[in-house]
Amino acid sequence: MKPVCLALASTALALVPAAALADTVVLTADAMVDVERGEIVADPVVTIIDGIITDVATGEAPQIDGADYIDLAGKTILPGLIDMHVHLTSDSDLHGYKRLSVSDEAATITGVVNAKTTLMAGFTTVRNVGAGSFGDVALRDAINEGDIPGPRMLVSGPPIGITGGHCSDNNLLPPEYEASGENVADGPWAARSAVRKNRKYGVDLIKTCSTGGVLSKGTKVGAPQYTVEELTALTEEAHSHGLKVASHAHGSEGIVNALKAGVDTVEHASFIDDEGIRLAKESGAYLSMDIYVTEFILGEGEAAGILPESLEKERLVGQTQRDNFRKAHDAGVKMVMGTDAGVYPHGDNARQLSRMVQFGMTSAEAVRAATLNAADALGLSGTVGIIAPQASADIVAVDGNPLADISTLETVTFVMKRGEVFKSE
Ligand code: ARG
């Protein structure tokens, strides 16, 4: 350890949530997953300066004056994982009518806890696709300021959807409550206006819904929501501000509508058909298929308050989505890993990776979906999802070889984000 760290500690401690390290850190381990090639590399040596990777080599660690050395003997390192579909402000034991008891303020505080849990599970970047009252913007900013531990967040703010739709609206209460969700927007101009409002309050992307959903009351998973005209207006508006669009879509028609409108990612994509597959390949859109969560919904969902009609819908969706995951992957559609954590417990995000392997991916492809591909879909290629010069030093470690056994990623023992160590077991 460089002695200056201790001298700094008294003045800088309040600002630095994790162990303070020297400006230069040399990290070594037994092995590294080269995510691009899908291969294991022995004896990696990663040099980091001010949280940015400056060199990746193998063999002996260089002697650098004043550097700190971290030796992860016996461990395999890989880029910090990325989950493209989370709801950090949601709790998995509060569904259906139970969720009505939670204010947006309380949900944001829950998000503080969930952000830490997610980071400790090895997810150094997440895309948060839906939160009330811009609680996700506040969380993102507090994490970036170093006030609370958590993953780097890209956030959507309140999703934009139709009256009575899966996004935004609240169909739980009878008409006399006149309960309408935040950002309900009908018509192309209303949709544009909602995009502008979200941008004004600091979102990184736009989330919309082009079909009904499983967990919303009174919506049909197969039924489209929004016309192509509305979706096109929303997407054009978002893109004109440099914001990507994620569209929730289960039914095949709504998937096609979203792809025709030019969205960047399709969430769930459960009933994707040949036309949807063709359009996704043509446009280069990514699918983010949450194929683990069905196990939680059908196993523990009822106790958590999930409505009987939602359990019924899940029985229609779950297995078909898994079959179509295989089909779309075989057809060469680009895939990212998105889990819908928040519907199920935060921190269990990585459980989906083994299902992605079970339903057709190699382990290397599943790792890529949660690193390289996710980074590309976020517009952050080269910055996250890779251990390479110029990337942020977002590095996790596991015991064992994730390419031989993907489930090793469920137990991450070391977490570094932008050069700061948040977990070291
Ligand atoms: N948030 C999604 C919805 O309500 C969850 C879908 C979960 N089911 C699934 N098989 N992926 O529609």
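Please read these numbers as outputs of a predicted model, since none were measured by experiment.

1. Topic: helix H6 (residues 252-261)
Here comes step 1: Within H6, 7 of the 10 residues are buried, which leaves it mostly tucked inside the rest of the structure.
Here comes step 2: Along H6, the residues classified as buried are Gly 254, Ile 255, Val 256, Asn 257, Ala 258, Leu 259 and Ala 261.
Here comes step 3: Considering only its buried residues, H6 is in contact with helix H5 (228-240), strand E10 (244-249), strand E11 (265-268) and helix H7 (274-283).
Here comes step 4: Following H6 by one or two positions, Gly 262 has its phi on the positive side, about 95°.

2. Some points on the site of the ligand
Here comes step 1: Around the ligand lies a shell of 15 residues, among which Val 214, Leu 215, His 250, Glu 314 and Asp 340 are the nearest.
Here comes step 2: Here a nitrogen atom of the ligand sits 2.6 Å away from a polar atom, N or O, in the side chain of Glu 314.
Here comes step 3: The contact in question runs from a nitrogen atom of the ligand to an N or O atom on the side chain of Gln 321, over 2.9 Å.
Here comes step 4: Considering the ligand on its own, with 350 Å² of exposed area, one finds that the protein chains cover 97% of that surface.
Here comes step 5: Breaking the shell around the ligand down by element, the ones donating at least two residues are helix H8 (293-300) and helix H9 (308-330).

3. Focus: H8
Here comes step 1: For H8, the set of buried residues is Val 293, Thr 294, Phe 296 and Ile 297. An end-on view of H8 places all buried positions within 165° of arc, on one side of the element.
Here comes step 2: For H8, the elements touching its buried residues are H9.

4. Remarks on the sheet that holds strand E8 (residues 152-155)
Here comes step 1: Across the sheet, which stays open at both edges, the 3 strands sit in the order E6-E7-E8 with parallel pairing between neighbours. Of all the strands in the sheet, just strand E6 (81-86) and E8 have a single pairing partner and so form its edges. Neighbouring strand axes in the sheet, compared pairwise and without regard to direction, differ in orientation by 15° on average.
Here comes step 2: Alignment of E6 against strand E7 (residues 123-128), held across 4 bridges, turns out to be parallel. Its bridge partner lying in E7, Val 86 is registered against Asn 128.
Here comes step 3: Helix H3 (residues 135-145) rests against E7 and E8 of the sheet, and its axis sits at about 155° to E8.

5. Let's talk about the packing of aromatic side chains
Here comes step 1: Overall, the coordinates contain 2 aromatic pairs when judged by the stated rule.
Here comes step 2: When the ring centre of Trp 189 is taken as reference, the NZ or CZ atom of Arg 192 above it lies at 5.1 Å.

6. Remarks on the confidence of the model for the protein
Here comes step 1: Residues with a pLDDT of 70 or more make up 96% of the protein, whose mean pLDDT is 95.
Here comes step 2: Ignoring residues within four places in sequence, the model shows residues 1-17, a span with pLDDT below 50, making 14 contacts including any to other chains.

7. A look at the nonpolar core
Here comes step 1: Counting residues in hydrophobic clusters, the biggest one holds 83 residues, and the most contacted among them are Ile 206, Leu 287, Leu 353 and Met 356.
Here comes step 2: Among the elements that make up this core, the one with the highest residue count is H6 (5 residues).
Here comes step 3: Contact partners of Ile 206, with chain neighbours within four places excluded, come to Ser 156, Ile 160, Val 195, Asn 198, Leu 234, Ala 238, Leu 243, Lys 244, Val 245 and Ala 246.
Here comes step 4: In this structure, Ala 29, Met 32, Ile 395 and Phe 414 belong to the second largest nonpolar core, which totals 20 residues.

Parameters at a glance
Residues numbered from 1 in each chain as written. Predicted model: local features only at pLDDT ≥ 70, side-chain atom pairs only at ≥ 80, totals over all residues. Heavy atoms only, no water. Buried < 20%, exposed > 50% of the residue type's maximum accessible area, 1.4 Å probe, protein only. Helix = DSSP H or I, 4+ residues; strand = E, 2+ residues; numbered from the N terminus. Contact = heavy atoms within 4.5 Å. Near = heavy atom within 4 Å. Polar contact = N/O pair within 3.5 Å; in protein donor to acceptor, adjacent residues only side chain to side chain. Areas by Shrake-Rupley, 256 points an atom, 1.4 Å probe, with all protein chains shown as cover. Arc of directions from axis to C-beta. Pairing = 2+ DSSP bridges. Axes fitted to C-alpha atoms, helices over the stretch in contact; angles between N-to-C directions. Phe/Tyr/Trp six-rings, centres within 6.5 Å; stacked < 30°, edge-to-face > 60°. Lys NZ or Arg CZ within 6 Å of the ring centre and 35° of its normal. pLDDT = per-residue confidence, 0-100. Core = buried A, V, L, I, M, F, W, Y, C linked by side-chain atoms within 4.5 Å.

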